Every structure is written in structure tokens, then in C-alpha cells.
Number of protein chains: 2
Amino acid sequence: MSYTINETHDPQLTSWVESAQRPGTDFPIQNLPFGVFKRRGSAEEPRVGVAIGDQILDITACLGAGLLDGSAARAAAACAAPNLNELMALGREYWSALRRQLSALLSTDSPAYKRDPQIAGRLLAPIAGAELLLPAAIGDYTDFYASVYHATNVGSMFRPDNPLLPNYKYVPIGYHGRSSSIVVSGTPVRRPRGQSKAPDADRPGFGPTRLLDYELEVGGFIGLGNSLGQPITIDNAWEHIFGLCLVNDWSARDIQAWEYQPLGPFLAKSFATTISPWVVTLEALEPFRTSAFRRPEGDPEPLPYLFSVEDQRHGGLDLILEVYLSSQRMRDQGMEPLRLSRGSFSDMYWTLAQLVAHHSSNGCNMRPGDLIASGTVSGAAKESRGCMLELTWRGAEPIQLPTGEQRRFLEDGDEVIFRGFCERDGFARIGFGECRGVILPAIT
Amino acid sequence: MSYTINETHDPQLTSWVESAQRPGTDFPIQNLPFGVFKRRGSAEEPRVGVAIGDQILDITACLGAGLLDGSAARAAAACAAPNLNELMALGREYWSALRRQLSALLSTDSPAYKRDPQIAGRLLAPIAGAELLLPAAIGDYTDFYASVYHATNVGSMFRPDNPLLPNYKYVPIGYHGRSSSIVVSGTPVRRPRGQSKAPDADRPGFGPTRLLDYELEVGGFIGLGNSLGQPITIDNAWEHIFGLCLVNDWSARDIQAWEYQPLGPFLAKSFATTISPWVVTLEALEPFRTSAFRRPEGDPEPLPYLFSVEDQRHGGLDLILEVYLSSQRMRDQGMEPLRLSRGSFSDMYWTLAQLVAHHSSNGCNMRPGDLIASGTVSGAAKESRGCMLELTWRGAEPIQLPTGEQRRFLEDGDEVIFRGFCERDGFARIGFGECRGVILPAIT
């Protein structure tokens, strides 16, 4: 199930793309995340590339220049497309072959580059001049609820007498989200209107949400799908995931509180979901796998269909996640965004493999490009809470901004920025780039 | 908002396709529902046709033969496709133009047919020899809960102290469903496995559902979409619906009861949803519009964004819906399916226009081909209950089959058949055809 640590992970590896060596870069040669791009303002067709330093390597151009062969060439042929779906459908042999050849091509030792350094101009496009599009045509989007800290915190606000429901430690709770309103990082988000009811009101009203929130999540893109009726086992789940991105599951808490019973969140979420444009492959993340969440004494073991020794040992991911906020006034005053939280994806109660195994356990079919989000990533510490509802405890403990402003929930003009990265001694830093969105006022 | 009653609705209109005049046919010339077909066993590309009697009119062939012009020809060009999405995206002017010309072409007075009766052989394919496919590529599937009778019945079983939640009469409750597992009528449905917990058990188990159920619903296909952030108003909602089909929202009640809190039904539903292959257009249904559900004294008026006089007067639909069951033993003994229930879609608390207006009220974007299902259609009378959970009152009052068998929930080999039709004096009967599925045993 694991990828092997191989030459593409070698921390000594350098690239002829100089920006890939800059300290703190998200996209060293050991990363090579996939995305979909076109040159901004051009009429060209969107196509698949990988990020390297501050550049995008155009895979279609690499193939056209005869720089790839075998399975990598077959995989590259799937990259002349406006989304990653075709590449995702090929499976990990192809993904891995392409990664190896792209790594070799970009390395300082690349014979192709040594022979002709001019290829840089033909194969690269600056990220700064590119329009990054949704990486996949997302057929179905599923949102889980895999942090026991988040579930307990939110539960204690919505159901003080009954914060963590009896099913939580057995069932990886999830629900279907809305695919159509998934947008790529940088797309402004319009404050939604909806029904809500104040606790002391006789009846609900309709208007702009007053409790707009973000939720910090990690998304997994399905690569290989399964046939309807044929579950993916926990042992095979990792094989079916192509890679990960950051997800902002924007939430209107007042709409949610009023609508969510008995069928779950609906319009409180479906107005927009933002994802980061770069999909970091599981192969790039292999060095950062860690053990699954250690369940406290007394918690039940996962049921057999959700349990494997391998998953317990290596199903977690040591991915650091940060949330930043900048208000309009902060930007006007030239201030840097303020970090609101920092947590780790390894704090999740359920692993990605468990989410996939559970999701398909009833025979539900996954298709390449389907997105599975983790649910809000919160840890035990207050500074690791992944949404404002938790951070401000439903507004009771407002956040102080450096301008003197306060935030209980998001205001118009606020920009929310997620960052994620993996770091470990002996390996290169693997970054996810950013997932950002600015709040526009509600329509009138 | 309304379509006009025009010559295509004329009950005197007859077709040169003789089977379209057979008493009780679902598909007289006044119907002309759209579907996607190919000749069974052929290598031909699937394409769009309309049902007429026991035949399918191949729209691409009509266009090729030069029998359509103007907007109808433009609409017909969108029918050389494996789904209705392109046609749906064109809007009602085009749908209506195509309907009129197809109606004229199929009518007994058709000059084209009179000139050359041999066109029948080139334009028609027998339904019996066709493979009918999913009518649309469904981007997002939403399931509502629009019957107050169903909500009250189910609520009283799951929450005896609190059957109808306080939001019900204000919020058209809905949730996102799974698109990938929507299958067309006739596709066998595999009994799902999943987690459930007996009330007296210490912990849940995993295995085949023991409480497999159907839910009788009506589905609306979105035609024209809306942009993200731009709601569809209640006055415009009808414009955005292309047509209707029958939906079986198969449900595993034991899985549902254990998983559904707090985020709603998930794996209890996502293993399969069956829809009928023929999409009956709103224009064909125009004569059967009726007033919205008359709210009992004391119920609140819909909030303004869900209220229009026109919708209150004409937002209901007098569509009769029936459920039939045949067990394997019944089929072995040559028995006809047993009718389990009969109800009317006019009993729904919320209209289709209200569902669309609510769904998009937060700015959520709809796309052509999106499916909006009504939720289980149940009426006040016991014989109009649209699922077994209600009919047998969670198994307490089993159904007697003519073989002597009993049913509390569905058994392997059971076939469930939905039928729907509209009848009104002075108009032709408009049928929906069938939505059927047989239960296969769980995988081992």
C-alpha cells in the first residue's frame, strides 16, 4: 500500500529551476503537485502542470518535446485536458512513473536541460502569470466530520446536554456536499442569505447570514474509482486516493442551526466551498505518514471493516495547517495577515483510508475526481481550532485584530487564507500552497 | 410562467403511430417525454428520443431527414448526445419549439408522413428493443422532504416526543444526495451492508441491512441553471425546470437510524437511487397544475422568498403515483405485482417552485441536468404512504402478499415498481412509464 521512499524524495535533489531551492518554498523538486492552468489573459486551452518553485512545468509541452516515454508518456498524454480526471483514472503506476520522469527532467543533473537550457522557456510558465483553475471535475463531494475535538466542541454548543453522539466513535460521520459551488482559491465568496431564527424570536427571518465562518479541512481526491456495489477495503483505500488539497468549507452558522435537523447541513454550506489549486500526491507525502490517532483508553476499536494494522501504524499524516485572516482595514494599512490557528492533520480521529473504506462500504461508487473532505481539523489545544465558531466559542471570546477590530465571525472584506505544509528532519519541506477567499457583501 | 395550453395538448390529436392511441398508454402524442436510448445490443451511440406509444422517435434522425427547422432544429441538434443536458441548457423557447414540431410530425395529419409513410421505419425504434439510459449527466442530486405527512410519520417513529421539528413549516428541508449511484430503471439494486445498532445492543455491528426500503418520489430536472451567487426567484423557478421523472430513493432504515445524527442520511441512501428513463416536460404537464397544498389553519404562511400568488394557485401538480411489489415467488407463480399504495403529488407541503427557490436562495448554483427530488410522497390516508417504513409502521403491520408471504421490509428478489400518471377530463392521459428495480442479495 505504501509508496517507497525513492530518489524523488531525496532531500539533496536540486532543480535547475532556481526558485525551487528557495528556503521555505512550498514547491521544491520533491513535491511536484499537480494543477490545471492557463496563461492569464490568453485564449489557450487549460491543461495540467506541476508546480516547481515559482513556476509551472507544462506537462503537455514536455510530452510534445519528446522528453517523456513509457508509462510516463501515457500519463502525460492524459494531461492535455482541462482537469486531472483522466490522469487520476490511470492509477498509481502511471502517477508514479510520471513523477519519476518529471523529477529527473527538472533535476540539476537533467541531461535534457544540460543539452539545451533553452527548454526552460518552452516548458515553464510563471505561477504569477497563470490562472489556476479547479484541478478536477468533481462529480461528488463528500464532507466528513473526522476530528473528535471539532465534533465535541461544536456538539457542546449545539447540544450542550449531548455533545458527542453515541455513534461518533464507531461511524466516520459524513454527508454529501454540493459540487457545483466548489470554487478555486482566490474566487471571492458572496455572503449568503438564508433563513435563521434568533433563540428569542417567534419565527424565522430571511436575510444575510450574521454568523459567517470558515472551516479548515483537508480534501482527498479519488484517483481510481470502484464499481457500484463493490466496496473498497481499508487495505486498498490508499491506492484509490490520488492526492490532497486544502478545503475551506465556508459555513453560515445561523442558517445551519435552524435548518440542520433532521437531515443535516444544506444551504448553510452549499453557497461556496473553496479548494487550493495544487493537488499534492500521496507519493510526495509518503515521508510524512504517521500513526493513526491514538484512541484514549476506553474508546472502542474500529470495527473490522475500518481496521488494519498498516492503517493504524501509517494512516495518519503529519501535515501542519494554518489559518490566517486579513481584514480590509488590515490590508489598507499594509499589515500582514494575522495567524488565527495552527494544528495538525494527525489529530484526526479517523484516517483518510477509513473515510474511503466507510464511504464505499455500502457499495457506493467513487469516481476519479470525487472529493472527500476531512471535516474541520481541530486539535485539543485552543490554538489548533479550525473554525471561528470554536475559536471564539460562538462569539463569546472575540478575536482581536492588530487594527483594534474584533471578530466574532467573518465580516465583509475579510480574507481567509489557509496554508499547509509537511516538515520532517531528513526530508524536504512539502507545501500545499494557499487556499484563500475574500468575503463580498450579500446581494440586496 | 405558465405554458399555454396549445395544439400539442389537444385531446383530439392522434398520431400515425398506432400504439399511441391505445387506451391507457403512458405515451400518447400529447406527452412526448424525452429519454436517451440506443438499440439493444447495437454499437450505436446513445442519443435523445421521445416516447410515442410503444416506439421511440429518434430526434437525430428527424433532423437528418430535414423534418425540423428554426429553433426546433437547433434544439434537435442538441439531441445527438448521450444525455439531455445540452437540450436542457437551451431553455423553454427551444424545448417548446421542438415539442410543437415533433407533435406536428407525429400527428395523423403530418404532411411528411402522408408524403412518405416509409419514414416510420427510419425515424422510429421500438421501446421493447431499446436500451434506455440515464436521461442526464446529473452533476448534483438533491433530495427534499416536502411531504408533511411523511415527515410527521417518520418523525414520530424516530423521535416520538418530537415528530415534526419546529423548522418544518418554514424551511423546505433538503439534503445533498449521491450522484454517482443514480441508476436507470431496471438496474438491479444490491442490498447494502453497513453499520447498525440494535436498541438493546451494547455496540453496533456491520452487515447486510435488515430494513431495506423504497421511497416513492418525484424528481425535477433543472433545465436552465443560475450563476453562483444569483438566486432563482420563486416567480422564475418554473422556468428553470425542464421536466419530471419518478425517483426511488432506496433506503436502509437500520443504517439510517444509527448514522443520521447529526449530519443527516449518508450511506443509508448512497448505495443506489433509481430513476425512470423518460422525462415528462412541464409543458406536457401544464393541464394538470393545481393549487399548492392548502395549509391548515394556524400554519405559517411561506416567507416572502417562498411565496407567490401564482405558485399558490398553480404550483401543485395532480400527478397520481402508485407503488407495486412483486416477490420472486409471485413472479415464479405468474402473479401480477401487488399494488401497495396510491397517492397524489398534490399532497406535498412544498411546491417544486418553492424547492428551487429555496435551494438557490443562498446563491447556490444549479446546472442543467441537476436533479431535485421531492422526498417521499405520502398523503394523509394510509393507502397513500410512499415507503414501507410508513406502510408497515416500522414492521408492526406487515403487508400480506398473495402468495401468503409477509413483508415488513424488502427481501432479496423483491421487485419494486413505481408508476405515475396524470388524468383530467378534457385532456389526454399523461404517463411517466415505470421506475423499477429488483433487490439482489448482499455481497458476502
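Up top you'll find the structure we're talking about.
Summarised in this report is the structure supplied together with it. Note that the coordinates shown come from a computational prediction; the quantities given were computed from them, not determined experimentally.

**Side note on the relation of the copies chain B and chain A**
For step 1, the next point in the chain: Expressed as a screw operation, the relation of chain B to chain A combines 0.0 Å of axial shift with a rotation of 180°, fitting to an RMSD of 0.0 Å. In the structure described here, the two chain copies are related by an operation that fits a two-fold rotation axis. Distance from the rotation axis, computed per C-alpha, reaches its smallest value in chain B at Gly264(B): 2.1 Å.
For step 2, the next point in the chain: Most of the interface of chain B is mirrored in chain A, where 100% of its interface residues are also at the interface.

**Let's talk about the sheet that holds strand 25 (residues 415–422) of chain B**
For step 1, the next point in the chain: Pairing is mixed in the open sheet, where five strands are placed in the order 9-26-25-20-21 (chain B). Of all the strands in the sheet, the pair left with one neighbour each is strand 9 (189–190) and strand 21 (338–344) of chain B.

**Some thoughts on the state of the cysteines**
For step 1, the next point in the chain: Across all of its chains, the model carries zero disulfides over all chains by this definition.
For step 2, the next point in the chain: In this model Cys387(A) remains outside any disulfide bridge; the closest cysteine sulfur is found in Cys435(A), 15 Å from its own.

**Thoughts on the pattern of salt bridges**
For step 1, the next point in the chain: One pass over the full model with this rule turns up 61 salt bridges over all chains.
For step 2, the next point in the chain: Glu397(A) is paired through a salt bridge with Lys382(A); the nearest N and O atoms lie 2.3 Å apart. Of this pair, Glu397(A) sits in the loop between helix 13 (388–391) and strand 23 (399–400) while Lys382(A) sits in the loop between strand 22 (371–373) and helix 13, and the two are 15 residues apart along the sequence.
For step 3, the next point in the chain: A relative accessible area of 37% means that Lys382(A) is categorised as partly exposed.
For step 4, the next point in the chain: As a salt-bridge pair, Arg253(B) and Glu215(B) come within 2.9 Å of each other at their nearest N and O atoms. Within this pair, whereas Arg253(B) is found in helix 8 (residues 253–259), its partner Glu215(B) is found in the loop between strand 12 (212–213) and strand 13 (216–222), the two being separated by 38 residues in sequence.

**Some points on the interface of chain B and chain A**
For step 1, the next point in the chain: Every contact between the two is made by 58 residues of chain B and, on the other side, 58 residues of chain A.
For step 2, the next point in the chain: Of the roughly 5,500 Å² buried where chain B meets chain A, counting both sides, 61% is carbon and sulfur surface.
For step 3, the next point in the chain: On inspection of chain B and its partner chain A, the count reaches four salt bridges.
For step 4, the next point in the chain: A salt bridge links Arg178(B) to Asp140(A), with the nearest nitrogen and oxygen atoms 3.4 Å apart.
For step 5, the next point in the chain: Linking chain B with chain A are 29 residue pairs in polar contact (both at pLDDT 80 or more), by the criterion used here.
For step 6, the next point in the chain: Elements with a minimum of two residues in the side of chain B that touches chain A: strand 6 (141–144), strand 7 (174–176), strand 10 (193–196), strand 11 (205–208), helix 8 and helix 12 (352–360) of chain B.

**Observations regarding helix 2 (residues 70–77) of chain B**
Residues and elements named next belong to chain B.
For step 1, the next point in the chain: Every buried residue belonging to helix 2 is among Ala-72, Ala-73, Ala-75 and Ala-76, and all of these are buried. The buried side chains of helix 2 occupy one side of the element, clustering within an arc of 160° when seen end-on.
For step 2, the next point in the chain: In this structure, the buried side of helix 2 is in contact with helix 1 (59–64), helix 3 (85–88) and helix 4 (92–106).

What counts, and at which threshold
Residues numbered from 1 in each chain as written. Chains lettered and ligands numbered in written order. Predicted model: local features only at pLDDT ≥ 70, side-chain atom pairs only at ≥ 80, totals over all residues. Heavy atoms only, no water. Least-squares fit on C-alpha atoms with pLDDT ≥ 70 in both. Contact = heavy atoms within 4.5 Å. Pairing = 2+ DSSP bridges. Helix = DSSP H or I, 4+ residues; strand = E, 2+ residues; numbered from the N terminus. Disulfide = S-S within 2.5 Å. Salt bridge = Lys/Arg side-chain N within 4 Å of Asp/Glu carboxyl O. Buried < 20%, exposed > 50% of the residue type's maximum accessible area, 1.4 Å probe, protein only. Buried area = accessible area lost by both parts, 1.4 Å probe. Polar contact = N/O pair within 3.5 Å; in protein donor to acceptor, adjacent residues only side chain to side chain. Arc of directions from axis to C-beta.

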